[in-house]
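# Structure assessment
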Amino acid sequence: MRPATLSATSPPELEAQLKLRRRNFFLVALGLALSLVMQPLTLGRIVTEMYWVHLAWCAGFVFLGVAVGARWFSTRNIGIASAVVSLAGLTLDIHYTGGIQSPFFPSLYAVPLIICVFTPGHRRPTLLACALTLLCLLVTCWASGASVQVAVSQGLSFAFVAWVSVFGSQTFRRLRDAERAADQERLVALERLAESERLRAQADLHRAEMERLALVGQLAAGVAHQVNNPLSYVKSNLGYLDEELREPAPDLEDLRRVVDETQQGVLRIQHIVTELRHFSRANAQDEEACAVAEALAKARWLASAELRGLSEVVEEVAPDLPRVRMGLGRLVEVLVKLLVNAAQAVDAAQPRRPGRIVLRAHASDTGVRLEVEDNGPDIPESVLPRLFEPFFTFPRARSAGLALSVCRDQVESAGGTLSAENHPDGGVRFVLDLMAASRPATA
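Presented here is an overview of the structure given in this document. (Residues numbered from 1 in each chain as written. Predicted model: local features only at pLDDT ≥ 70, side-chain atom pairs only at ≥ 80, totals over all residues. Heavy atoms only, no water.)

We now examine the pairing of strand β3 (residues 367-374). β3 sits mainly inside the fold: seven of its eight residues count as buried. Here strand β2 (residues 356-363) runs beside β3; their pairing, made up of seven bridges, is antiparallel. Note on β3: the bridge partner recorded for R360 is E371. If you look at the hairpin formed by β2 and β3, you'll find three residues sitting between the two strands. Here β3 pairs with strand β5 (residues 428-435) via eight bridges, running antiparallel. Its bridge partner being in β5, D374 is matched across the sheet by V428. (Buried < 20%, exposed > 50% of the residue type's maximum accessible area, 1.4 Å probe, protein only. Helix = DSSP H or I, 4+ residues; strand = E, 2+ residues; numbered from the N terminus. Pairing = 2+ DSSP bridges.)

Now the structure itself:
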C-alpha cells in the first residue's frame, strides 16, 4: 500500500506527531482490553457478546497504530477510521447492554470530542464523527423503542456537544497556525537582527579603519620630515662616493666607512616606513597584551611632528609597570589620537601660551592608569557627556576625523575604560584604566 501524503510540516515535527498518535492508539487498545476485566463490576453480570466486540475494537486500534507508524494513511484518514471503529464498537456495546437504558449510552456524546483530540486541527474527521454519532444515536433510540420526543431531545442535546467539538477543532487549528506564523516571524526578526548586528559591526570596522587612515594622512607630514633627514644624508654620501670613485686611487677604507654610514641611513628610512605601515594596518591580529612604556614610546614617536612645536612634553611613567590586557597596535593608536588632539588643543589655545602635555602612567588596583593631560582650553560641561558619541566632532581639534568614540571602543573591547575631565588648573585630562594582563601559568 502506497503511503499517503502527510501535512506539510518539518521532518522532526512530523516524526514527533506520528510517534504521539501511534502511542495514543496503542494506549486506547490497552484500555479497551482492560475494560473487559471491569465489565462484571460495571454491569453486575457478564455479557459474552461484549468480549467479542471489545476484542475486535482493540484489534482495530492496534491496526490503526501500526498504520500510523507505517504511514499507510494520512492523518485525516486515520482520524476518520478511528471514528468509524469507535462508533461501531460503542454502538454494539450499547445494543447488547440495554439500548437507550445502557450505562454506556452517554458515551456516544463523547465520541466527537475524542476524535477532535485524536485529529487536532482537522475539521473533516470531527464533522464526520458528529454525523455518524448522530446516526448511531437515532438508530439506538429506534432499536430501543424510544418515542419521537425522546429521540428529538437526545438529538438536540448531542447537537450542542457536536458544536463544541467542531468549534474546538477549528480553534485549535487557528491557534496552531497563529503559533507557527508567530514562530516564523520571530525567526525572520532574529535573522534581521543578526544581519543588522553584522552590518553594524562591519560599519564599526570600516569607521575605525577610516579613522586610522585619516590619522596616518595627518601624520604623513611629520614622517616625511623624519625621512628627509636620513635621505639627505644618503644623497650626500652617494655624491661623495661618486666623486671619490672618479679619483685614480680612492681610499678604500674611507669608501667602506661612507658605504656603512649610507646603509645606516637607508635602514633608518626603512624603519620609519615600516613603523608607519604597521600603524596604518588593522589590528585584528594584534597581540593580547603589551608593555605600556613601549606603547608610549611608539605613540610619541609617531606623533612627534604634531608635538614638535610644543614647549614641553613630560613623561611621568612609573618603573616596572605590569603588562596590560590590550594589543600594542591598538594602544598605540589610541595614544596617538589623544596626543594629536592634545597638541591641536594647545595650539588653538587663546591667548597663546607655552604648550605643555603630560603623559602619566602608574599602577592601579586592576592594572595600569594612563593619563594624557594638556593645558589647552577646557571642554564645556554640556559637551563632556557627548564627547565619545560616534560621529561627534571633538570641538577642540582642527580635524573632524579624530573621533574619540573609536578610542573608547578599542579600550572597552580590552576590558578597560576611557574618560575625560577638565583639569582644575585648566586644560583637559584623558584617563585610561587598563586591565592587567593575566600572568602565564608557571610550571
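Another point: the packing of helix α8 (residues 292-302) against helix α10 (residues 328-347). Any two packed helices are characterised by how steeply their axes cross, that is the angle between the axes, and by the distance between the axes. At their nearest, the axes of α8 and α10 sit 8 Å apart, and the two run at 45 degrees to each other. By the angle between their axes, α8 is oblique relative to α10. Remark: the crossing between α8 and α10 carries right-handed chirality. Facing α8, whose interface residues are E294, A295, L296, K298, A299, R300 and L302, α10 presents L328, L331, V332, L335, V336 and L339. Taken together, the residues that form the contact of α8 with α10 break down as 10 nonpolar, no polar and three charged. (Axes fitted to C-alpha atoms, helices over the stretch in contact; angles between N-to-C directions. Parallel < 35°, antiparallel > 145°, perpendicular 65-115°, else oblique. Left-handed = near helix turned anticlockwise from the far one by under 90°. Contact = heavy atoms within 4.5 Å. Nonpolar A, V, L, I, M, F, W, Y, C, P; charged D, E, K, R; others polar.)

On to the side chain of H423. Note on placement: H423 falls in the loop between β4 (417-422) and β5. Each residue touching H423, except ones within four places of it in the same chain, is listed here: E373, V428 and R429.

Let us look at the environment of Q101. Turning to its location among the elements, Q101 is positioned in the loop between α3 (75-96) and α4 (111-118). Taking C-alpha positions, Q101 is 8.3 Å from S144, a pair spaced 43 residues apart along the chain.

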